[in-house]
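Structural overview
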Amino acid sequence: MTARERLLAKTVAFLAEHGVGDTSLRTLAAGIGTSHRMLNYHFGSRDGLLTAVVEAVERGEQEALVELIATHEDPFEASRAFWVRVADRAEVFAPLFFELSSHAMRGQAHAEPLRRWLGEGWIGVLEQGYERSGVPVGRARTLALQSLAMARGLLFELATTKDREAVDLAMAQWTEIVRREVEAPDRECPIPDRQCTFPDRQCSNRASTVHHS
């Protein structure tokens, strides 16, 4: 690891434990055993450091997902393994993720790269995975968005309630819903076309209530 990577790894661990809040570079430097000057040298500013923290965590998770997909014959087993990985780390990283995500939601300048990542960083990978499983192009993107929202929502629940059993069950049930849709896409949809308000959904020959609000 380079000096910058070592500092970044230490910073991620420190902020995950203590939160971000108004923590200054001087406080961070003292907490990870370096100097304010070194953090400025490698990251430019506190804002630059915070952006690097989130990008490092998120990109690491995405790389793990891609590797799991490549090494598992069953994509749903890869999904299950990835969920276990993320949930195991949620107590440490979920509060940091959601705290920094709020900066992006408020449009803070240092979080602009994160705002783009939240909107685009995961969708392409998930969409391609569904397309490889045979899901039609338009539906694959919507299903990717639904899956991302489900995972983020359950991670929020886990970070808030600490109820791992409940969130694991919810994720397992969602995975089975998606598996049924992918493996049997031509069953008749129980909801008439006129009640489906999403243009990318072929309700007359697609199955599962995940098509509908």
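Report on the accompanying structure.

So, how was this worked out
- Residues numbered from 1 in each chain as written.
- Predicted model: local features only at pLDDT ≥ 70, side-chain atom pairs only at ≥ 80, totals over all residues.
- Heavy atoms only, no water.
- Core = buried A, V, L, I, M, F, W, Y, C linked by side-chain atoms within 4.5 Å.
- Buried < 20%, exposed > 50% of the residue type's maximum accessible area, 1.4 Å probe, protein only.
- Helix = DSSP H or I, 4+ residues; strand = E, 2+ residues; numbered from the N terminus.
- Contact = heavy atoms within 4.5 Å.
- Expected span 1.5 Å × (residues − 1).
- Salt bridge = Lys/Arg side-chain N within 4 Å of Asp/Glu carboxyl O.
- Phe/Tyr/Trp six-rings, centres within 6.5 Å; stacked < 30°, edge-to-face > 60°.

**Describing the nonpolar core**
Across soluble globular proteins, nonpolar side chains have a tendency to be buried as a group. Formed by 58 residues in total, the largest nonpolar core has its most connected members in Leu 15, Leu 39, Leu 49, Val 53 and Leu 100. Examining the composition of this core, we find that 14 residues originate from one element, helix α5 (residues 75–105), more than from any other. When residues no more than four places from it in sequence are discounted, the contact partners of Leu 49 are Leu 8, Thr 11, Leu 25, Leu 28, Leu 39 and Phe 43.

**Thoughts on unusual backbone geometry**
Here Lys 162, not a glycine, exhibits a phi torsion of approximately 65°, which is positive. Note that Lys 162 resides in the loop between α8 (137–161) and α9 (164–183).

**Comments concerning α5**
One turn of the α-helix equals 3.6 residues, which is why residues spaced by three or four share an orientation. Spanning 31 residues, α5 covers only 32 Å between terminal C-alpha atoms, well under the ideal 45 Å at 1.5 Å per step. Backbone geometry just downstream of α5 places Gly 107 in the positive-phi region, at approximately 75°.

**Quick word on the pattern of salt bridges**
Charged atoms that come close allow side chains of opposite charge to pair. A full pass over the atoms with the stated rule returns 12 salt bridges. Of the charged contacts, one joins Glu 61 and Arg 89 as a salt bridge, the two residues approaching to 3.0 Å between their closest N and O atoms. Separated by 28 residues along the polypeptide, Glu 61 in helix α4 (residues 46–71) and Arg 89 in helix α5 bring together distant segments of the chain. Under the relative-accessibility criterion, Arg 89 is labelled partly exposed at 28%. The partner of Glu 127 in a salt bridge is Arg 141, and the shortest N-O contact between them spans 3.0 Å. Placement of Glu 127 in helix α7 (residues 123–132) and of Arg 141 in helix α8 is noted, with a sequence separation of 14 residues between them. The exposure class of Glu 127 is buried, given its relative accessible area of 13%. Three or more residues joined by partner-sharing salt bridges are found here, namely Asp 74, Glu 176, Arg 179 and Glu 183.

**Quick notes on the packing of aromatic side chains**
In total, this model carries 4 aromatic pairs according to the counting rule given. With a centroid separation of 5.9 Å and 50° between ring planes, the pair formed by Phe 82 and Trp 122 is classed as tilted. Residue Phe 82 is located in helix α5, and its partner Trp 122 is located in the loop between α6 (112–121) and α7; the two are separated by 40 residues in the primary sequence. Three or more aromatic residues link up through ring pairs in this structure, and these residues are Phe 82, Trp 117 and Trp 122.

**As for the environment of Glu 131**
Mapping Glu 131 onto the fold places it in helix α7. The class of Glu 131 is partly exposed, set by a relative accessible area of 31%. Residues contacting Glu 131, with those up to four places away along its chain left out, are Val 137 and Ala 140.

**Remarks on the environment of Val 20**
Take Val 20: it is sitting in the loop between α1 (3–18) and α2 (25–32). Once the C-alpha coordinates of Val 20 and Leu 100 are considered, the two residues, 80 residues apart in sequence, prove to be 7.7 Å apart.

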